[in-house]
Amino acid sequence: MVNQSPGQPQYQYEWQNPTHRSFDFGKVFGRAFSGVFADIKPLLIGLLVVGLFTVGLSVMTTGATQDMVANPNNMDMGTFYLVTFGGNLISLLMIVWFQLIVIHTAYAKFTGDELVGQNVIGKALRFTLPMFVIAFIYSLVCILGFYALLIGFVFVWPGWALAGPVYVFERKGVFGSLGRAWTLARNYKRWILLFLFVLSLIASVIYSLIAGLAVVAGGYNMFDPASVGDINAASPRMLIVTSLSAVAGYFIYAVYASGLTAAYLEIKDIKEGGTTLGDVFA
């Protein structure tokens, strides 16, 4: 951004201005975790819903897979693939819904606006489908761009990362939110990329540890083929593994949602002097 204020020194870029505040990486990173627990009640409700669905889907798909292996000639493959696809689609929608809950509650904590934190379950549900479309476009372009000389990784991943909070709090529409996110990220993509990269590394470690503990708690020995092979979809051991793994996964999703909300507020504050709370929460 060029400084065009009359009577003031002219800077080619805003970051050259000595009064310009830099991106506070430490604050944003800390908020990524603190914002997850901004409002425990809707978080637990969301976690309970998605957890029950995840366990139920796991039991259903694992049982169907076992039946297919045991009776391959009697299995209706069309029904099997339809159920699997439908279950995975609903799982993705639930991930988006859960992250929207965290986006609202984290925003309410970071800004101190109590209205944002009211009826977040319903608000999140209302935004789920369009947010899913944004997430699908974002993921598709990132994946395709990754194979095109890492363009998706370097530019699109940080460039559209803020589209979620933008859609929720600025009501720009699907493509408008992607465009607005790109504008906000301009000159700050390196910080967003670093934030996402570090968060991904930590998230991988956290998930691996919890998933590993889940396997141990379930009584499975990864070095014993008989133990691993003796998997019953509805057994208490399998339910323990599935439940703990689901909690770990959704915690990671929540951290991303909280962290990107914090990054959105940080960059918006730097560029535009703070966040205006209008009537978008009515």
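Bear in mind that the values here come from a model prediction, so they are computed numbers and not experimental data.

Rules of the game
- Residues numbered from 1 in each chain as written.
- Predicted model: local features only at pLDDT ≥ 70, side-chain atom pairs only at ≥ 80, totals over all residues.
- Heavy atoms only, no water.
- Helix = DSSP H or I, 4+ residues; strand = E, 2+ residues; numbered from the N terminus.
- Buried < 20%, exposed > 50% of the residue type's maximum accessible area, 1.4 Å probe, protein only.
- Contact = heavy atoms within 4.5 Å.
- Areas by Shrake-Rupley, 256 points an atom, 1.4 Å probe, with all protein chains shown as cover.
- Axes fitted to C-alpha atoms, helices over the stretch in contact; angles between N-to-C directions.
- Parallel < 35°, antiparallel > 145°, perpendicular 65-115°, else oblique.
- Nonpolar A, V, L, I, M, F, W, Y, C, P; charged D, E, K, R; others polar.
- Salt bridge = Lys/Arg side-chain N within 4 Å of Asp/Glu carboxyl O.
- Phe/Tyr/Trp six-rings, centres within 6.5 Å; stacked < 30°, edge-to-face > 60°.
- Lys NZ or Arg CZ within 6 Å of the ring centre and 35° of its normal.
- Expected span 1.5 Å × (residues − 1).
- Arc of directions from axis to C-beta.
- Core = buried A, V, L, I, M, F, W, Y, C linked by side-chain atoms within 4.5 Å.
- Left-handed = near helix turned anticlockwise from the far one by under 90°.

**Details of the overall build of the chain**
- Secondary structure assignment for the chain yields ten helices and zero strands.
- Along the chain, helices (α) and strands (β) appear in the sequence α-α-α-α-α-α-α-α-α-α when read from the amino end.
- Taking all 282 residues of the chain together, the buried fraction comes to 43%.
- Taking as baseline every contact in the chain between residues at least 6 positions apart, the subset at least 24 positions apart corresponds to 70%.
- Accessible area of the chain: about 14900 Å², with a carbon and sulfur share of 69%.

**A short note on the packing of helix α5 (residues 151-159) against helix α7 (residues 174-185)**
- Orientation of α5 relative to α7, taken along the N-to-C sense of each, is 105°, at an axis distance of 8 Å. It follows that α5 is roughly perpendicular to α7 by the angle criterion. Seen from α5, the contacting residues are Phe155, Val156, Pro158 and Gly159; seen from α7, they are Ala181, Trp182 and Ala185.
- Grouping the amino acids of the contact of α5 with α7 by side-chain chemistry returns six nonpolar, one polar and no charged.

**Looking at the pattern of salt bridges**
- One pass over the full model with this rule turns up four salt bridges.
- Between Lys27 and Glu266 there is a salt bridge, with the nearest N and O atoms lying 2.9 Å from each other. With Lys27 in helix α1 (residues 25-34) and Glu266 in helix α10 (residues 236-272), this residue pair connects regions lying 239 residues apart in the sequence.
- Residue classification places Lys27 among the partly exposed positions, given a relative accessible area of 33%.
- The buried category is assigned to Glu266, whose relative accessible area is 1%.

**Re the packing of aromatic side chains**
- Summed over all chains, the structure comprises twelve aromatic pairs.
- Where Tyr107 meets Phe169, the ring centres are 3.7 Å apart and the plane angle is 25°; that geometry is what we call stacked. With a gap of 62 residues between them, Tyr107 in helix α3 (residues 77-111) and Phe169 in helix α6 (residues 163-170) connect regions that are remote in the sequence. Accessibility assignment for this pair places Tyr107 and Phe169 in one class, buried.
- Taking the centre distance of 6.5 Å and the plane angle of 20° together, the rings of Phe169 and Tyr264 count as stacked. Here Tyr264 lies in helix α10 and Phe169 lies in helix α6, a separation of 95 residues in the sequence.
- Judged by relative accessible area, Phe169 falls into the buried class, the value being 6%.
- Connected via pairs of aromatic rings, a cluster forms that spans Phe23, Phe25, Phe29, Phe33, Trp191 and Phe195.
- Against the face of Phe127 rests Arg126, its NZ or CZ located 5.2 Å from the ring centre.
- The ring of Trp182 has Lys189 lying over it, and the distance from NZ or CZ to the ring centre is 4.1 Å.

**Things to note about unusual backbone geometry**
- Phi at Arg171 is positive, roughly 50°, even though this residue is not glycine.
- Inspection of the secondary structure puts Arg171 in the loop between α6 and α7.
- The partly exposed category is assigned to Arg171, whose relative accessible area is 41%.

**Examining α7**
- Its twelve residues place the ends of α7 17 Å apart at the C-alpha level, agreeing with the 16 Å of an ideal helix rising 1.5 Å per residue.
- For α7, the full list of buried residues reads Val174, Ser177, Leu178, Arg180, Ala181, Leu184 and Ala185. Summarising the axial view, the buried residues of α7 lie within an arc of 165°, below the 170-degree limit, and thus occupy one face.
- In the segment just after α7, Asn187 is the residue with positive phi, at about 75°.

**Focus: the nonpolar core**
- Membership of the largest hydrophobic core comes to 66 residues, with the highest contact counts inside it found for Leu100, Leu162, Phe195, Leu196 and Tyr264.
- For Phe195, the contacting residues outside a window of four places in its chain are Phe25, Val28, Phe29, Ala32, Gly259 and Leu260.

**Here's the deal with the packing of α6 against α7**
- It is at 8 Å that the axes of α6 and α7 come closest, and there the two elements cross at 120°. By the angle between their directions, the pair α6 and α7 is classed as oblique. Helix-helix and strand crossings are classified by hand; for α6 and α7 the assignment is right-handed. Residues Ala163, Val166, Tyr167 and Glu170 of α6 pack against Val174, Ser177, Leu178, Arg180, Ala181 and Leu184 of α7.
- Taken together, the residues that form the contact of α6 with α7 break down as seven nonpolar, one polar and two charged.

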